[in-house]
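Notes for the structure review
Read off the chains here:
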Amino acid sequence: MDAAQIDQVRRFNRTVTERVGVLHDQYLGRDRPIGEARLLWEIGEQGQDVRRLRERLVLDSGYVSRLLRSLEADGLVGVEPHPRDRRVRTVRLTDAGRAGPAELGRRSDDLAGRLLGPLNSTQRARLIAAMAEVDRLLSAATVTLDVVAPAHPDAEHCLLSYFAELRERFETGFDPARSPLPGATELSPPQGLFLIAHLHGEPVGCAGPKLPPGAPAEVKRMWVAPHARGLGRRPLAELEATASRHGREVMRLDTNTVLDATIGLYRSCGFQEVAAFNDEPYAQHWFEKRLIAPSAG
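Residues numbered from 1 in each chain as written. Predicted model: local features only at pLDDT ≥ 70, side-chain atom pairs only at ≥ 80, totals over all residues. Heavy atoms only, no water.

1. Considerations on the packing of helix α2 (residues 34–43) against helix α4 (residues 61–73)
It is at 10 Å that the axes of α2 and α4 come closest, and there the two elements cross at 85 degrees. Taken together, the axes of α2 and α4 lie roughly perpendicular to each other. Taken together, the residues of α4 that come into contact with α2 (itself represented by G35, E36, L39, L40 and I43) are Y63, V64, L67, L68, S70 and L71. A per-class count over the contact of α2 with α4 returns 8 nonpolar, 2 polar and 1 charged. (Axes fitted to C-alpha atoms, helices over the stretch in contact; angles between N-to-C directions. Helix = DSSP H or I, 4+ residues; strand = E, 2+ residues; numbered from the N terminus. Parallel < 35°, antiparallel > 145°, perpendicular 65-115°, else oblique. Contact = heavy atoms within 4.5 Å. Nonpolar A, V, L, I, M, F, W, Y, C, P; charged D, E, K, R; others polar.)

Quick look at the structure:
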């Protein structure tokens, strides 16, 4: 990063905070600052665990507690222990608090209209496309990649979602029992690892580098949730780096024809199609990539 890039980011931040009104104590003309307003919005009709709110908004626990105390004092929320685990606190909107998110939604719509209104149709399309790209890239920068045991609840969530998607998309359906997927020990050190991608505390993807002794590394169980599909490069790059650190010079993977976006990702990341190197019944394409050694990277 150079000084010009840093300056552009800071200028962008100043423009956005000014235009969306976060510099005022009364956000969107309401009687509370943006922190409290956003918290009301995130709590929603179903309520939320306080820990989940902190993770979603990436906020300090003390700050969230102060915001909740203010909202509770105004009669907008109630905070209580979870009925099955008193260590977990749950926050819910009161009858008075339920009017807040709806009004915030209407005023947010008005603000969006004021931002777009002065622009012509071409400019609006460019701004919307740029916003979508910024959102995708900032989300990618927000993702954390965490090594977990294959039996971890987040791993189980991702794998079940992955299998369900394959069953829906494959013409033949998908039966995990027919696929020679690696067992838990094969994706645990030293034979491999299992990574979970978290976005705002939510598991949105998984992948595992299989590291068989004396053989190329293999990408296994790579899946990204549909709403996070633009983030796939991060886990794939981490798998490559992991394999390289473990002395592997080549990484392999297989996939199915219907997963066209995934195939496009692999090709754009430098993987080349090769002859079949396994008997995976659901595979129709096999790819390989020569890795860069850590000292050369």
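2. Comments concerning the environment of P212
Among the secondary structure elements, P212 is positioned in the loop between β6 (202–210) and β7 (217–224). Sequence separation between P212 and P81 is 131 residues, and the spatial gap between their C-alpha atoms is 47 Å. Among all residues touching P212, those that are not within four sequence positions of it are Q191 and R248.

3. Section: the sheet that holds strand β1 (residues 48–49)
Taken in spatial order, the 3 strands make up an open sheet running β1-β3-β2, and their pairing is antiparallel. On the outer flanks of this sheet lie β1 and β2 (77–82), each paired with one strand and no other. Contacts between α4 and the sheet are confined to β2 and β3 (85–93), with β2 contributing the most and set at about 125 degrees to the helix. (Pairing = 2+ DSSP bridges.)

4. Some points on helix α8 (residues 233–245)
With 13 residues, α8 extends 18 Å between its outermost C-alpha atoms, agreeing within 8% with the 18 Å of an ideal straight helix rising 1.5 Å per residue. Of the residues making up α8, those classed as buried are P235, L236, L239, E240, T242, A243 and S244. In the stretch just after α8, G247 is the one whose phi turns positive, near 85 degrees. (Expected span 1.5 Å × (residues − 1). Buried < 20%, exposed > 50% of the residue type's maximum accessible area, 1.4 Å probe, protein only.)

5. Here we look at the nonpolar core
Membership of the largest hydrophobic core comes to 25 residues, with the highest contact counts inside it found for F194, I196 and C206. Listed by contribution, the elements that provide at least two residues to this core are α7 (153–169), β5 (195–199), β6 and β7. If one sorts the elements of this core by residue count, α7 sits on top with 6 residues. Judged by nonpolar contacts, the second largest core, of 18 residues, contains L211, M222, L239 and M251. (Core = buried A, V, L, I, M, F, W, Y, C linked by side-chain atoms within 4.5 Å.)

6. Some words on the side chain of H285
Take H285: it is sitting in strand β10 (residues 285–290). A relative accessible area of 17% means that H285 is categorised as buried. Of note is the side chain of H285, whose polar atom sits 2.5 Å from the side chain of E273. Apart from the residues within four sequence positions on either side, H285 is in contact with L253, D254, T255, N256, T257, I263 and E273. (Polar contact = N/O pair within 3.5 Å; in protein donor to acceptor, adjacent residues only side chain to side chain.)

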